[in-house]
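# Structure at a glance
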Amino acid sequence: MATATTDLRFSAAATSAKTLDRATVRARRGRFLHHLASRGLHLDHLLPSPFRLRSPFSVCRAAAYAAEGDGEKYEYDLFTIGAGSGGMRASRFASTLYGARAAVCEMPFATVASDALGGVGGTCVLRGCVPKKLLVYASKYSHEFDESHGFGWKYETDPKHDWSTLMTRKNLELQRLVDFQTDMLKNSGVTLIEGRGKIVDPHTVSVDGKLYTARNILIAVGARPSIPDIPGIEHVIDSDAALDLPSRPEKIAIVGGGYIALEFAGIFNGLKSEVHVYIRQKKVLRGFDEETPQAITKSDDGLLSLKTNKGTVNGFSHIMFATGRKPNTKNLGLEDVGVKMDKHGSVMVDEYSRTSVDSIWAVGDVTNRVNLTPVALMEGGALTHTIFGNDPIKPDHSAVPSAVFSQPPIGQVGLTEEQATEKYGDVDVYTSNFRPLKATLSGLPDRIYTKLIVCADTNKVLGVHMCGEDAPEIIQGIAIAVKAGLTKQNFDATVGVHPTAAEELVTMRNPTRKVRRNSAGKTNVEALRQK
Ligand SMILES: Cc1cc2nc3c(=O)[nH]c(=O)nc-3n(C[C@H](O)[C@H](O)[C@H](O)COP(=O)(O)OP(=O)(O)OC[C@H]3O[C@@H](n4cnc5c(N)ncnc54)[C@H](O)[C@@H]3O)c2cc1C
Ligand SMILES: NC(=O)c1ccc[n+]([C@@H]2O[C@H](COP(=O)([O-])OP(=O)(O)OC[C@H]3O[C@@H](n4cnc5c(N)ncnc54)[C@H](O)[C@@H]3O)[C@@H](O)[C@H]2O)c1
């Protein structure tokens with residue numbers, strides 16, 4: 001009975017505490033948690049959000065932090081280097097869910113990152129997903145203008161695009177987002193320190209020379225473009241610069257066949273640049289060496305030439321390298337403190353994101369696991385539960401959906417056909433390749449390709465891959481089904497939404513091929529139909 005009274009009292013106090021400043025709220029919460037733990041009470045489910053903790057263990061753990069007197073020993077419970085996706089999530093959760101004293105350091109904002117410049121929000125918000133998607137939207141209009149003619153639209157003159165309007169509006173939006181993210185940190189009770197962080201010892205970070213101590217340090221510094229060192233490389237641009245060009249490229253070479261290269265090829269093509277993509281693989285988004293850039297030269301008229309092992313092409317106004325990214329681990333003090341890195345400079349972590357030094361953790365691109373924003377968020381969130389909840393949670397990297405915002409875009413979740421065959425031996429593959437309804441009147445050669453990979457043994461859907469309009473939006477929903485381990489029967493039992501491209505996913509009745517592994521381990525493919 002005494003327990004219930006205590007809890008209700010705290011609920012009321014916590015609710016009214018919303019009008020109090022963070023320090024008061026945190027002090028009250030700390031005293032309350034200590035009070036609970038000292039009586040062995042685990043009643044966090046009664047706490048109003050955001051004071052609610054994840055599990056009964058959380059109460060003990062947070063209280064234990066207070067009881068251990070860490071407040072006196074270290075200034076912070078968690079000090080994060082880098083306020084990108086992973087760092088923001090971890091510090092905010094640490095503060096709001098666990099009442100931890102959290103700080104994050106981040107460099108001043110710039111559209112192009114450097115050793116001294118970055119900005120609250122990180123790559124995704126300032127130099128990745130967000131500005132990239134805004135430019136994808138801008139570039140898609142030109143196709144839509146083309147499509148509209150088949151539906152009866154006529155224009156006296158061709159629509160014109162104003163580059164500077166796009167850049168100005170995009171940069172205003174980025175500035176709004178930096179302000180918004182900064183406020184979000186402050187409102188979460190996280191201390192934001194502007195400057196470049198460097199680890200000095202397992203519990204100390206130096207930010208531009210000023211020292212801060214913390215029980216836990218989180219490395220969430222992300223990655224930056226990696227460009228080969230070939231003659232003339234000073235003339236090229238990377239994805240940071242490509243998102244903030246003062247004028248539209250007349251003719252651009254894009255080197256690389258990964259996510260970034262394909263997305264930017266679509267952007268510049270849609271905005272009416274002449275685009276040449278240089279891939280060294282046989283196919284894009286794959287990994288076999290073929291064409292390799294060797295040098296860039298600039299002529300007197302300012303135009304650039306790109307020499308590869310296949311020849312030289314002249315007359316580029318811009319050459320962009322999208323040849324991968326490397327972790328920001330240079331000059332971060334990691335070697336001195338004993339944090340192990342792999343040969344590419346990525347921080348090595350265990351499945352809970354702990355580095356080789358007990359008090360130092362790492363999440364996001366710097367660990368080079370799956371380099372996507374939602375994954376960095378998941379890793380950052382799981383980490384706070386592990387550290388403060390006394391409830392270790394491994395981030396789950398299986399069935400992570402992803403999209404390439406190329407034109408047409410790609411969406412995928414789960415295993416590829418090759419991975420599924422390798423892992424399960426026997427798989428049924430359903431494919432469909434059709435002309436979408438819109439294309440019948442637009443007259444454009446658009447297609448939609450869909451592939452479903454099913455385990456022949458269990459009937460579980462192991463992977464879904466889609467290329468065509470709206471694939472990224474569709475795949476997010478389908479990812480729930482794949483993550484939940486649903487079977488092909490569950491897909492078949494689902495009624496479609498008509499007329500959509502997505503309904504194809506629930507109407508593919510017969511496999512295109514059956515892949516079977518015999519007892520000698522050899523794979524046979526039985527092609528059942530062509531589609
Ligand atoms: C062009 C492009 C497009 C992308 N598009 C997508 C997409 O559509 N979808 C998707 O899911 N992912 C996309 N990504 C990937 C996504 O942006 C990253 O996976 C994500 O931002 C990683 O988050 P992070 O927290 O690990 O690092 P980041 O977001 O890079 O944050 C790291 C932060 O640390 C700061 N920092 C670095 N060193 C220090 C230091 N010493 N001291 C203080 N601060 C420091 C940096 O300034 C930065 O703000 C894209 C990436 C790029 C480059
Ligand atoms: N839509 C999205 O989710 C999205 C978009 C952009 C980036 N990202 C993330 O950012 C990461 C980095 O993207 P990225 O496109 O820079 O890297 P990537 O690894 O996807 O592609 C790099 C490409 O460059 C090629 N390459 C490397 N060195 C080369 C060289 N010397 N000469 C010629 N080609 C060379 C590689 O073969 C590969 O095709 C991605 O892996 C992804 O995780 C995600």
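This structure is a prediction, so every number in the text was calculated from the model and none was measured.

Attention now goes to the side chain of Asp428. Among the structural elements, Asp428 can be located in strand S18 (residues 427-434). Taking relative accessible area as the criterion, Asp428 reaches 10% and is therefore assigned buried. Of note is the side chain of Asp428, whose polar atom sits 2.8 Å from the side chain of Arg516. Not counting chain neighbours up to four residues away, the residues in contact with Asp428 comprise Leu452, Ile453, Val454, Ala456, Pro511, Arg513, Lys514 and Arg516.

As a further point, take the confidence of the model for the protein chain. Looking at the protein chain as a whole, its pLDDT mean stands at 87, while 84% of the residues score no less than 70. Below a pLDDT of 50 lies the segment residues 1-25, which in the model reaches 29 contacts outside its immediate sequence neighbourhood of four places, other chains included. Low pLDDT, under 50, characterises residues 30-61; the predicted model gives this stretch 62 contacts beyond four residues in sequence or across chains.

This part covers the site of ligand 2. Around ligand 2, a shell composed of 20 residues is seen, among which Ile260, Glu263, Gln281, Asn371 and Ala403 lie nearest. Separating an oxygen atom of ligand 2 from a backbone N or O atom of Gly258 is a distance of 3.4 Å. At 3.4 Å from an oxygen atom of ligand 2 is found a main-chain nitrogen or oxygen belonging to Ala322. The greatest single-element share of the shell around ligand 2, amounting to three residues, is contributed by helix H10 (residues 259-270). Residue composition of the shell around ligand 2, by class: nine nonpolar, seven polar and four charged. For the shell around ligand 2, the two domains that each supply at least three residues are domain 1 (76-224 + 326-388) and domain 2 (228-322).

This part covers the domain arrangement of the protein chain. On domain assignment, one finds that the protein chain holds domain 1 (76-224 + 326-388), domain 2 (228-322) and domain 3 (401-527). At the boundary of domain 2 with domain 3, total buried surface from both sides reaches about 540 Å², with 60% on carbon and sulfur atoms. The interface formed by domain 2 and domain 3 holds zero salt bridges in total. For the pair domain 2 and domain 3, the interface holds two residue pairs in polar contact (both at pLDDT 80 or more). Taken together, the residues of the side of domain 2 that touches domain 3 break down into four nonpolar, one polar and one charged.

About the criteria used
- Residues numbered from 1 in each chain as written.
- Chains lettered and ligands numbered in written order.
- Predicted model: local features only at pLDDT ≥ 70, side-chain atom pairs only at ≥ 80, totals over all residues.
- Heavy atoms only, no water.
- Helix = DSSP H or I, 4+ residues; strand = E, 2+ residues; numbered from the N terminus.
- Buried < 20%, exposed > 50% of the residue type's maximum accessible area, 1.4 Å probe, protein only.
- Polar contact = N/O pair within 3.5 Å; in protein donor to acceptor, adjacent residues only side chain to side chain.
- Contact = heavy atoms within 4.5 Å.
- pLDDT = per-residue confidence, 0-100.
- Near = heavy atom within 4 Å.
- Nonpolar A, V, L, I, M, F, W, Y, C, P; charged D, E, K, R; others polar.
- Domains from an automatic or database assignment.
- Buried area = accessible area lost by both parts, 1.4 Å probe.
- Salt bridge = Lys/Arg side-chain N within 4 Å of Asp/Glu carboxyl O.

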